Amino acid sequence: MLTDEYIKRVYDQVVARDGDQPEFLQAVREVFETLQPVVEKHPEYEKAGVLERIVEPERTIKFRVAWVDDEGKVQVNRGYRIQFNSAIGPYKGGLRFHPTVTESVVKFLGFEQILKNSLTTLPMGGGKGGSDFNPKGKSDAEVMRFCQAFMTELSRHIGQFTDVPAGDINVGGREIGYLFGQYKRIRDEYSGVLTGKGLEFGGSLARTEATGYGVCYYTQEALRVLRNDSFEGKTVVISGSGNVATYAAQKAEQLGAKVVTVSDSNGYIYDPNGINVEVVKQIKEVERGRLSEYAKRCDHKTVEYHEGAGVWVTPCDIAMPCATQNEVHIEDAKNLVANGCKILTEGANMPTTLEATQYLQQNGVAFFPGKAANAGGVATSGLEMSQNSERLSWTFEEVDDLSLIHISEPTRPRLIS
């Protein structure tokens, strides 16, 4: 509940202005509820209008993306870039290509990005962008033409000292390559304007693994600090099968846990012997296929494929939602508690609804929000920016060690009451 008068007044202003943007309102309310003790201690924030400024993007860019499919037909999508806050550095945040992308979703993600980026202690502001374009089922040539059309418009708004986008859902190495190539062609410059690039043209080692690894590093540190414990012997349930989920599963297994689920939009795999990450990578990264193929390549007597279902009915010690926003609802939280879950670490951006978060915390589940727990990706993006500026390429170990510092130290878990 919003009890502080200043916070309530600002939130009401946001509702009056953006009442048609439910995802953004959700993000603002969640942050505001947790900020109440801070605002009460610092009345000068109201005088300075801090909250009014932080909830209003510095710039909202919305544009048409017209591209030609393989049949020669013109298709039209919407593109977005929300440059939310540049108080401590250039705007930084991913691009998402998905049919669910709207201005509300992009603002929802961009608002969280401000806080996440600042927690890394690196000089990066917050931003987010994307399009309602769906690359699934499209040929490589169609994806390339879309990316080129998207960047033709976006290029006038970004730059290595202004706004540095990265990847997000459905924007991986292929898409970043197409986007970077078009930016270079239009602007006639070779600069660190995008992160998540290929190693051949300025990318950083460990960037692909960074977010998933960071989720596990944070959880490992939390287990050590709060409970003198570790991943060893724990059962982990993970949703998603993109970079975050895949490399969270890989690192959790390296740390001694057994990961028993991964999922995609069609259903989920349950493997009681532990998910074979290499099989998942082959299906999702190389073949761009569906997880239903996993069961065909493993022991049918133990592997189960659950079509159209979610993973949160699976008993576990640790849950890691790594798919998308608002994927853990109140019923999922009840299932997790009933099945013995002790820790939930957010790998995706705000994947847990506020109602579910409150239920988990009220029932003794340690909850680690994505603003801190999944910051490994953006921390490593910041390191990629540094490498680009210095015209250097660091080793995997150097990047991994530096990203661990920026994940663990500023956001070190404290004792939870």
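Structure: see above.
Calculation rules
Throughout this description, residue numbers start from 1 for each chain and increase along the sequence as written. Totals for whole chains, interfaces and linings use all residues, but because this is a predicted model, local features are given only for residues with pLDDT of at least 70 and pairs of side-chain atoms are given and counted only at 80 or more. The side-chain values count all of the structure's non-hydrogen atoms but skip hydrogen atoms and water molecules. To qualify as a helix, a DSSP run of H or I must reach at least 4 residues; to qualify as a strand, a run of E must reach at least 2; elements of each kind are numbered from the N terminus. Throughout, the radius of gyration refers to the C-alpha atoms, and the reference size of a globule is 2.2 Å times the residue count to the power 0.38. To sort residues, take the accessible area from a 1.4 Å probe on protein chains only and compare it with the maximum for the residue type: under 20% means buried, over 50% means exposed, and anything in between is partly exposed. Here, Shrake-Rupley sampling with a 1.4 Å probe gives the accessible areas, and only protein chains in the shown set may cover a residue. Aromatic pairs are defined between Phe, Tyr and Trp rings, using the six-membered ring for Trp, whenever the two ring centres lie within 6.5 Å; interplanar angles under 30 degrees are classed as stacked, those over 60 as edge-to-face, and all others as tilted. A ring is considered to have a charge above it if a Lys NZ or an Arg CZ atom is located within 6 Å of its centre and within 35 degrees of its normal. Residues qualify for a patch when their relative accessible area is over 30% and they have no salt bridge, like charges being joined within 9 Å and the nonpolar side chains of Val, Leu, Ile, Met, Phe, Trp and Tyr within 5 Å. Salt bridges are counted wherever a side-chain nitrogen of Lys or Arg sits within 4 Å of a carboxyl oxygen of Asp or Glu. We define a polar contact as two N or O atoms separated by no more than 3.5 Å, with the added condition that, inside protein, one atom must be a possible hydrogen donor and the other a possible acceptor, whereas residues neighbouring each other in sequence contribute only through side-chain atom pairs. Residue contacts follow a heavy-atom distance rule, with two residues in contact if any of their heavy atoms lie within 4.5 Å. By this rule the span expected of a helix is its residue count minus one, scaled by 1.5 Å. By construction, the arc corresponds to the directions joining the helix axis to the C-beta atoms. Note on pairing: two strands pair once DSSP finds at least 2 bridges between them. Each axis is a line fitted through C-alpha atoms, taken for helices only over the stretch in contact, and angles between the N-to-C directions span 0 to 180 degrees.

Engineer: What's the story with the overall build of the protein chain in this structure? I'm lost.
Structural biologist: Of regular secondary structure, the protein chain possesses 16 helices and 12 strands. A compact globule built from 417 residues would reach a C-alpha radius of gyration of about 22 Å, and the protein chain, at 21 Å, matches this within 12%. In terms of its C-alpha atoms, the protein chain occupies a principal-axis envelope of roughly 60 × 55 × 40 Å. Considering the protein chain as a whole, with its 417 residues, one finds that 54% of them fall into the buried category. Accessible surface, the protein chain as shown: approximately 17,800 Å² in total, 49% of it carbon and sulfur.

Engineer: Explanation requested: the packing of aromatic side chains in the structure shown.
Structural biologist: Aromatic ring pairs are defined here through the distance separating the ring centres and the angle between the ring planes. The full count for this structure, using the stated rule, is 16 aromatic pairs. Each ring, one from Phe24 and one from Phe111, has its centre 6.1 Å from the other, and the planes form 90°; the classification is edge-to-face. Remark: Phe111 occurs in helix α5 (residues 103-119) and Phe24 occurs in helix α2 (residues 22-41); sequence separation between them is 87 residues. With respect to class, Phe24 is no different from Phe111; both count as buried. Ring centres of Tyr213 and Tyr247 lie 6.3 Å apart, and the angle between their planes is 70°; this geometry places the pair in the edge-to-face category. Highlighted residues: Tyr213 in helix α8 (residues 207-227) and Tyr247 in helix α9 (residues 243-254), separated in sequence by 34 residues. For the pair formed by Tyr213 and Tyr247, the shared burial category is buried. Chaining the aromatic ring pairs together yields one cluster made of Phe63, Trp67, Phe97, Phe133, Phe146 and Phe150. Sitting above the plane of the Tyr11 ring, Arg29 keeps its charged end 5.3 Å from the centroid.

Engineer: In this structure, what is going on with a nonpolar patch on the surface? I would like to understand it.
Structural biologist: A cluster of nonpolar side chains, Val68, Val74 and Val76, forms an exposed patch at the surface whose accessible area comes to about 250 Å². Residue classification places Val76 among the exposed positions, given a relative accessible area of 54%.

Engineer: Would you mind showing me how to read the side chain of Ser131 here?
Structural biologist: With respect to the helices and strands, Ser131 occurs in strand β4 (residues 126-131). Relative accessible area serves as the criterion here: at 0%, Ser131 is assigned to the buried category. A polar side-chain atom of Ser131 sits 2.7 Å from the main-chain carbonyl oxygen of Arg78. The contact partners of Ser131, leaving out residues within four places of it in the chain, are Asn77, Arg78, Gly79, Arg96, Phe97, His98, Val101, Phe146 and Phe150.

Engineer: Help me understand helix α1 (residues 5-18) in this model?
Structural biologist: A rise of 1.5 Å per residue sets the reference length of α1, with its 14 residues, at 20 Å; its end C-alpha atoms lie 20 Å apart and thus fit the reference within 8%. Turning to α1, its buried residues number three or more, namely Tyr6, Ile7, Val10, Tyr11, Val14 and Asp18. All buried residues of α1 project into a common sector of 125° when viewed along the axis, lining one side. Exposed side of α1, more than 90 degrees from the buried face: Glu5 and Ala16 are the residues found there. Buried positions along α1 lie against α2, α3 (44-48), α4 (50-54) and α5.

Engineer: Explain the sheet that holds strand β11 (residues 343-345) here, please?
Structural biologist: As a general point, the strands of a sheet are linked pairwise by backbone hydrogen bonds and lie either parallel or antiparallel. Ordered in space as β9-β8-β7-β6-β10-β11-β12, the seven strands form an open sheet in which the pairing is mixed. With one partner strand each, in any of the chains shown, β9 (304-307) and β12 (366-368) form the two edges of the open sheet. Averaged over all pairs of adjacent strands, the angle between strand axes in this sheet comes to 15°, irrespective of strand direction. Examined bridge by bridge, strand β6 (residues 235-239) and strand β7 (residues 258-264) share three bridges and lie parallel to one another. For Val236, the partnering residue across the bridge sits in β7 and is Val259. Contacts between α9 and the sheet are confined to β6, β7 and β10 (318-321), with β6 contributing the most and set at about 170° to the helix.

Engineer: Would you mind showing me how to read the sheet that holds strand β2 (residues 74-85) here?
Structural biologist: With mixed pairing, the five strands of this open sheet are ordered in space as β1-β2-β4-β3-β5. Since the sheet does not close on itself, it has two edges, and those belong to β1 (59-68) and β5 (163-167), each with one partner. The sheet shows a mean angle of 20° between the axes of neighbouring strands, direction not considered. In the sheet, strand β3 (residues 91-97) pairs with β4 via three bridges, with the strands oriented parallel. Within β4, the residue paired with Phe97 across the bridge is Ser131. In the packing of α5 onto the sheet, the strands contacted are β1, β2, β3 and β4, and the crossing angle to β4 comes to about 150°.

Engineer: Can you walk me through the pattern of salt bridges in this structure?
Structural biologist: Close approach of charged atoms allows side chains with opposite charge to pair. Scanning all chains against the criterion turns up 24 salt bridges. Arg174 is the salt-bridge partner of Glu175, the closest N and O atoms lying 2.8 Å from each other. When sorted by exposure, Glu175 lands in the same class as Arg174, which is buried.

Engineer: How should I be thinking about the environment of Leu179 in this particular structure?
Structural biologist: In this structure, Leu179 sits in helix α7 (residues 173-187). Residue Leu179 is classed as buried on the basis of its relative accessible area of 0%. C-alpha of Leu179 to C-alpha of Arg227: the two residues are 48 residues apart in sequence and 45 Å apart in space. Excluding residues that lie within four positions of it along the chain, Leu179 makes contacts with Leu95, Cys147, Phe150, Met151, Val171 and Leu194.

Engineer: Looking at this model, I keep getting lost on unusual backbone geometry. Mind explaining?
Structural biologist: Positive phi is not limited to glycine here, since Asp188 has a value of about 55°. By secondary structure assignment, the location of Asp188 is in the loop between α7 and α8. We classify Asp188 as exposed; its relative accessible area is 70%. Even without a glycine there, the phi angle at Asn228 is positive, about 50°. Summarising the element assignment, Asn228 is placed in the loop between α8 and β6.

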